[in-house]
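Chains, contacts and geometry: an overview
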Amino acid sequence: MADRPLIVGNWKMNGTRAMLSEARAIDRAAQRHMKVEVAIAPPYTLIHAVHREVEQIGVGAQDCHPGTDGAFTGDISATMLADAGAKFVIVGHSERRQGHGESNDLVKEKAQSALDAGMNVIMCCGEDEATRDAGKAAAFVSKQLKASLPAQIESAGEKLTVAYEPIWAIGTGKTATPEDIGAMHAEIRQLLIKLYGEEQGAEVRILYGGSVKPENAREILSVEDVNGALVGGASLTADSFMGIAIAAGDTLEA
Ligand code: PEP
């Protein structure tokens, strides 16, 4: 397992060039907290600019088209994102799966195209509230992941990150309990070992996402098999985002 926790900010559809100062502030702070790996996924329009402005943090995209080029008006391919400076792509976010009707098959194709373009992949998964209430969360997430992950990934431990994000916890202020997070991450770990083998499966980082903020980060990030966080709302300012990164660093010392 990579020792460094990974804290990724998903800016979603937020940010104009005025936000570049925030990216610079995140980058400066990240240089003082090197025990933690910090990355942001700004909107497409800012990827190249952020890539040029920062030195330490990773820059990635929130989605990609599964193809490489062609007549797909309004879409952006993984190759184009890599050219703009993106080092990773988030795929399968619930706001894409639900809001844009993305199937597991499509998410898998997107992941493969990002890998083919030389980028890393953050694969999101997570259940809705009714599924959790019905006691079917673990079965749902396993099935979703099995159907969304490419069957073979060379150096999966390095190229792949999984983000468990219960849908009911995203942007709601609700978070899963440490026990539920621990149980789900353990399930995901077993699945990754089954898919990619003992060594690589153990290396894949599993992030938790869903209303993570500086106040709850330490408790969540202390849970076994939580190797970092995918952060939405709280990634929009350097203060709150780096508060989470600092909490991640504290868990290494605890
Ligand atoms: C997300 O959308 O990936 C997310 C975790 O959002 P928030 O932190 O705002 O819940």
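Structural notes, computed from the coordinates. Just so it is clear, the structure is predicted and the values come from calculations on it, not from any experiment.

For the rest of this paragraph, the subject is the overall build of the protein. The helix and strand tally for the protein stands at eleven helices and eight strands. Here the protein has a C-alpha radius of gyration of 17 Å; the compact-globule value for 254 residues is 18 Å, and the two agree. The principal-axis extent of the C-alpha atoms belonging to the protein is close to 45 × 45 × 35 Å. Taken over 254 residues, the protein has a buried fraction of 50%. The contacts in the protein between residues at least 6 apart in sequence include a share of 73% that link residues at least 24 apart. About 11,500 Å² of surface is accessible on the protein, with carbon and sulfur atoms providing 49% of the total. In the protein, the 24 positive side-chain charges and the 35 negative ones have mean positions that sit 2 Å from each other.

Attention now moves to the site of the ligand. Around the ligand lies a shell of 14 residues, among which K12, H93, E165, G171 and S211 are the nearest. Contact between the ligand and S211: an oxygen atom at 2.8 Å from a main-chain N or O atom of the residue. Within the backbone of G232, one N or O atom sits 2.8 Å away from an oxygen atom of the ligand. Contact with the protein chains covers 95% of the free accessible surface of the ligand, which is 290 Å².

Further remarks concern the pairing of strand β8 (residues 228-231). Every second residue of β8 is oriented toward a common face, with G228 and L230 on one face and A229 and V231 on the other, all of them buried. Relative to β8, strand β1 (residues 6-10) is paired through four bridges, and the arrangement is parallel. Within β8, the position partnered with G9 by the bridge is V231.

With respect to the helices and strands, the residue W11 is situated in the loop between β1 and α1 (20-31). Expressed as a C-alpha distance, the spacing of W11 and P42, which sit 31 residues apart in the sequence, is 5.0 Å. For W11, the residues in contact, after removing those within four places along its chain, are M19, A23, I26, I40, A41, P42, P43, L46, Q62, S235 and L236.

So, about the nonpolar core. Judged by nonpolar contacts, the single largest core of 70 residues is most densely connected at I7, L160 and I188. Take this core: its biggest share by element is seven residues, from helix α11 (residues 238-253). The contacts of I188, once residues within four sequence positions are left out, are C125, V141, L145, V162, Y164 and I206. Listed in part, the eleven residues of the second largest apolar core include L6, V8, F88 and A163.

Rules used throughout
Residues numbered from 1 in each chain as written. Predicted model: local features only at pLDDT ≥ 70, side-chain atom pairs only at ≥ 80, totals over all residues. Heavy atoms only, no water. Helix = DSSP H or I, 4+ residues; strand = E, 2+ residues; numbered from the N terminus. Rg over C-alpha atoms; globule rule 2.2 N^0.38 Å. Buried < 20%, exposed > 50% of the residue type's maximum accessible area, 1.4 Å probe, protein only. Contact = heavy atoms within 4.5 Å. Areas by Shrake-Rupley, 256 points an atom, 1.4 Å probe, with all protein chains shown as cover. Lys, Arg positive; Asp, Glu negative; His and termini not counted. Charge placed at Lys NZ, Arg CZ, Asp CG, Glu CD. Near = heavy atom within 4 Å. Polar contact = N/O pair within 3.5 Å; in protein donor to acceptor, adjacent residues only side chain to side chain. Pairing = 2+ DSSP bridges. Core = buried A, V, L, I, M, F, W, Y, C linked by side-chain atoms within 4.5 Å.

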